[in-house]
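# Structure at a glance
Here are the chains, one letter per residue:
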Amino acid sequence: MGCANTKVHGITEWHTLDELPIEIVFKILDELDTYTIFRSLHHVSKRFNEVLSSYDRYHLNLKLISLKHFHLIASRIRPEQITELTLTDDETSPGLIELFLSKYSMNTLTRLRALTIMQINDEEIINQILISIADHSSLLNFSSITIINVEELYSDIFIELLTSILSKPSLRKAYLDLSYSRTTSNPLPWLESNSIRHLTFIGTCTVSFIRNVCIHTPQLQTLITDDLDFNDENDLNDSPVPPDNDDDSDDDDDDDEMNDSEDVEIQLNANVNNNENQLVKKEKFTSIESVNNLRILKLTSCSFTMLKLQWLLEELTNLKQFNLITPLEYDDETILDGSRWEKFITNLDKFQFVFSVSISNSTSFNIDTCLSTFQKPFWTEVKQWFVSLEKYDDVAVLYSLPYIDKSYVVVTESPPLEYRSTAKKNSLLQIDAMKNVRDLYIDTAGKIENPIENLPHPRFRHVTNLFLHGKWANSGLFLTHIQSLVNLSTIQELTRMERIPTTEVVILFNLLSNLQCLRTNTTFLDALNAAKFSHTRCLRQLIIDSNQGENERPVNTEPFCAMFPRVQYLNIPVDSVESCKYVLEQLKEDLISVVFEIPENDSLNDSDDSDDDDETDDEEEKSTLALFAAWIKELPKEYRSYKKERYIHISLK
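Read on for a plain summary of the structure. Quantities reported herein were computed from a predicted structural model and do not represent experimental measurements.

Glancing now at the sheet that holds strand 21 (residues 517-520). Taken in spatial order, the 10 strands of this open sheet run 16-18-19-20-21-22-23-24-26-25, and their pairing is mixed. Two strands close off the open sheet at either side, each with one partner strand: strand 16 (407-410) and strand 25 (640-644). The mean angle between the axes of side-by-side strands here comes to 10°, regardless of whether they run parallel or antiparallel. Packed on one face of the sheet, helix 18 (residues 577-586) meets strand 23 (567-573), strand 24 (593-597) and strand 26 (647-651) and runs near 160° to strand 24.

In structure tokens, the structure reads:
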């Protein structure tokens, strides 16, 4: 009957991983970092050694490997096999950047496609890395550059190299975090056209800078930045502007620039809960050109007014996705009006936002009235966009579902929050509402409540970084309440600077079954010591911050090593060379890298400022530093060490 004698050909059974076709093995290796590949497969079999030798898509990340493993990897990987590279000089990989550059010349990485530079504060080293990348005749497939650095000022050489890289014909993606606080108007002249599709600036960009970027980046599809600065923009509006409605407006008229701008007519509600009095207002700014391909815009800390938001969105006619996050206590309450948003977001396919708005001066704000503007058919039926609204004493937080920000702050103030949502009947959306949150901040001084009733799981199920701050609540049920709010088994990093009662601190660490990193201070360590605490699982990183807390001091290393006998990466303030020796001896089984912080002499902070005392303090300071410097020279040859200011970096393995 038809298929009775049909035979299936070409199906092969593989009994072991060693028998898989090399194409499939390569696909598996594509999903793994270089350290994991060599740790798992090196010397497993002769065939796998041959596979590792022929594989040519390695992603080498210095942040993930120790000195010992770097030597192994560097002896096995040829430069042309590296396609992705992450170079960093933070506390987990001290000195590795110099070692890498001594083993690999950047111009030998002929197949490099993506480069990430993180926290390298030596501009000479950065320029050494970038020179080969900036050459347009080499690395013809180089497509992605990421630079994360805290420096505020950069030389002309760095700017010239970076500008050349950004204009590289093959470049498609750029992520630039050049400092923690800067406005990106200069130093990026953008004098040449480029082929970038996806661009991220961490910081505030002036609108004129964005105009220039768009002109020279005509293929730009995604733009991500913190905020836009309108301070240098001329409001080209002819009509008077009430100062109370827009502090950033400019009353100066310029008839010569009228033809270069577009009129924006806005119906402005005086209050989100009062639609009777409306004010017709026009704002005019010079148009943003060459944005036909821009599909995604993300503003992660938007501070400018709703008037300017509307102007911006009406400029970007082809935009399909808009993400908007305001800073805490954003002061334009009209952003909470869903009816107003409807007028200029009809072209969007996706609109995700978190609005944290101050309502301390509002006498008429009503949570239900506000939510009703987002319950209309446009939101729930046409777009199928759902929102939740949390009202605290003087702040309203309105957000689309799921919540898009990776950070969330749990407020435990009184009175308790009021919670509303347009997704009440969508249980799945309610369960997954906080699936994007990775950093959770909890004030431990008050009562913790879950605003959503009858959830089958904790509200926060995917948090990896937990920040507990404030005095610990007296309630014996505090940890039980935390567990109802957050899945503690997913926490990888804990930050806590204040004491925790001895009976509860042990319970907390037992609940944090996957903890990998602890950031704390000596105040918290005292509480652990009082509880006779000992953490037997291996911590990947332990950072003791001597700058946090009023009574911070060097760590008493003997009880510390008993509390944390297994640590891989350690930052610790110490008071003597003997303390350093004790730490190295007691933690040598697992310790990969340690940063010892040398304290300043207490006498430097005394109130007696006589010249004689100052000279004595200086002599003691020099003597202390000399003792540490002499000790470094006596370290075993297999250790790699260097001293930078008051910090001693040592790589053991």
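Membership of the largest hydrophobic core comes to 112 residues, with the highest contact counts inside it found for Phe-100, Leu-115 and Trp-341. Beyond its immediate stretch of four places on either side in the chain, Phe-100 contacts Leu-60, Leu-62, Phe-70, Leu-85, Leu-87, Met-106 and Leu-109. Grouped together as the second largest cluster of nonpolar side chains are 76 residues, Ile-325, Val-354, Tyr-403 and Leu-635 included.

Okay, the pattern of salt bridges next. Within the structure shown, the criterion is met by 15 salt bridges. Salt-bridge contacts for Glu-390 lead to Arg-459; the nearest nitrogen and oxygen are separated by 2.7 Å. Note that Glu-390 is positioned in strand 14 (residues 387-391) and Arg-459 in the loop between strand 18 (439-443) and strand 19 (465-469), a separation of 69 residues in sequence. In this pair, the class of Glu-390 matches that of Arg-459, namely buried. Notably, a salt bridge pairs Asp-590 with Arg-566, separated by 3.1 Å at the nearest N-O pair. Within this pair, whereas Asp-590 is found in the loop between helix 18 and strand 24, its partner Arg-566 is found in the loop between helix 17 (557-563) and strand 23, the two being separated by 24 residues in sequence. Arg-566 gets classed as partly exposed once you look at its relative accessible area, which sits at 35%. A network of salt bridges, in which partner residues are shared, links Asp-368, Glu-418 and Arg-420.

This next bit is on unusual backbone geometry. Here the amide bond leading from Leu-401 into Pro-402 is cis, since omega sits at -5°, within 30 degrees of zero. The topology assignment puts Pro-402 in the loop between strand 15 (395-400) and strand 16. A positive phi angle, near 50°, is found at Gln-119, a position not held by glycine. In this structure, Gln-119 sits in the loop between strand 3 (114-118) and helix 6 (123-134). For Ser-290, which is not glycine, the phi dihedral falls at a positive 60°. Note on placement: Ser-290 falls in the loop between strand 10 (274-286) and strand 11 (296-299).

Okay, the packing of aromatic side chains next. One pass over the structure, following the stated rule, counts 33 aromatic pairs. Between Trp-341 and Phe-344 the ring centres are 5.3 Å apart and the planes differ by 45°, which places this aromatic pair in the tilted class. Each member of the pair, Trp-341 as well as Phe-344, carries the same accessibility label: buried. Ring plane angle 40° and centroid distance 4.8 Å describe the contact between Phe-351 and Phe-353, whose orientation is recorded as tilted. Looking at Phe-351, the relative accessible area reads 3%, which means it is buried. Phe-353 gets classed as buried once you look at its relative accessible area, which sits at 1%. Among the aromatic side chains, those forming a connected cluster through ring pairs are Phe-322, Trp-341, Phe-344, Phe-351, Phe-353, Phe-355, Phe-374, Phe-378, Trp-379 and Trp-385. The side chain of Lys-308 reaches across the aromatic face of Phe-230, ending 5.6 Å from its centre.

For the pair helix 5 (residues 96-103) and helix 6, the least separation of the axes is 12 Å and the interaxial angle reads 35°. Where helix 5 crosses over helix 6, the two elements pack in a sense that is left-handed. Contacts between helix 5 and helix 6 pair Ile-97, Glu-98 and Leu-101 from the former with Ile-125, Gln-128 and Ile-129 from the latter. Of the residues in the contact of helix 5 with helix 6, the class split is four nonpolar, one polar and one charged.

A word on a nonpolar patch on the surface. A grouping of Ile-24, Ile-28 and Leu-32 is seen on the molecular surface, where their side chains present a nonpolar patch of about 210 Å² in accessible area. Counting through the fold element by element, Ile-28 comes out in helix 1 (residues 22-30).

For strand 4 (residues 144-148) and strand 5 (residues 173-177), the ladder comprises five bridges, and the chain directions are parallel. Residue Ile-148 lies in a different strand from strand 5, and its bridge partner there is Asp-177. Alignment of strand 5 against strand 7 (residues 198-206), held across four bridges, turns out to be parallel. Within strand 7, the position partnered with Ala-174 by the bridge is Leu-199.

On to the pairing of strand 17 (residues 418-421), then. Residues Tyr-419 and Ser-421 line the buried face of strand 17, whereas the alternating positions Glu-418 and Arg-420 sit on a face that is not buried. Across four bridges, strand 14 lies against strand 17 in antiparallel orientation. Across the sheet, the residue bridging to Leu-389 is Arg-420, located in strand 17.

Before going further, it helps to examine a negative patch on the surface. Together, Glu-329, Asp-393, Asp-394 and Glu-413 make up a region of like negative charge exposed at the surface. Considering the arrangement of structural elements, one finds Glu-413 in the loop between strand 16 and strand 17.

Looking now at helix 3 (residues 46-54). Side chains three or four residues apart in an α-helix point the same way, a direct result of the helix having 3.6 residues per turn. All buried positions along helix 3 are accounted for by Phe-48, Val-51 and Leu-52. One face of helix 3 carries all of its buried residues, which in axial projection span an arc of 95°. Looking at the packing, one finds that the buried side of helix 3 touches helix 1, helix 2 (34-41) and strand 1 (58-61).

About the thresholds
Residues numbered from 1 in each chain as written. Predicted model: local features only at pLDDT ≥ 70, side-chain atom pairs only at ≥ 80, totals over all residues. Heavy atoms only, no water. Pairing = 2+ DSSP bridges. Helix = DSSP H or I, 4+ residues; strand = E, 2+ residues; numbered from the N terminus. Axes fitted to C-alpha atoms, helices over the stretch in contact; angles between N-to-C directions. Contact = heavy atoms within 4.5 Å. Core = buried A, V, L, I, M, F, W, Y, C linked by side-chain atoms within 4.5 Å. Buried < 20%, exposed > 50% of the residue type's maximum accessible area, 1.4 Å probe, protein only. Salt bridge = Lys/Arg side-chain N within 4 Å of Asp/Glu carboxyl O. Phe/Tyr/Trp six-rings, centres within 6.5 Å; stacked < 30°, edge-to-face > 60°. Lys NZ or Arg CZ within 6 Å of the ring centre and 35° of its normal. Left-handed = near helix turned anticlockwise from the far one by under 90°. Nonpolar A, V, L, I, M, F, W, Y, C, P; charged D, E, K, R; others polar. Patch = residues over 30% accessible without salt bridge, like charges linked within 9 Å, V, L, I, M, F, W, Y side chains within 5 Å. Areas by Shrake-Rupley, 256 points an atom, 1.4 Å probe, with all protein chains shown as cover. Lys, Arg positive; Asp, Glu negative; His and termini not counted. Charge placed at Lys NZ, Arg CZ, Asp CG, Glu CD. Arc of directions from axis to C-beta.

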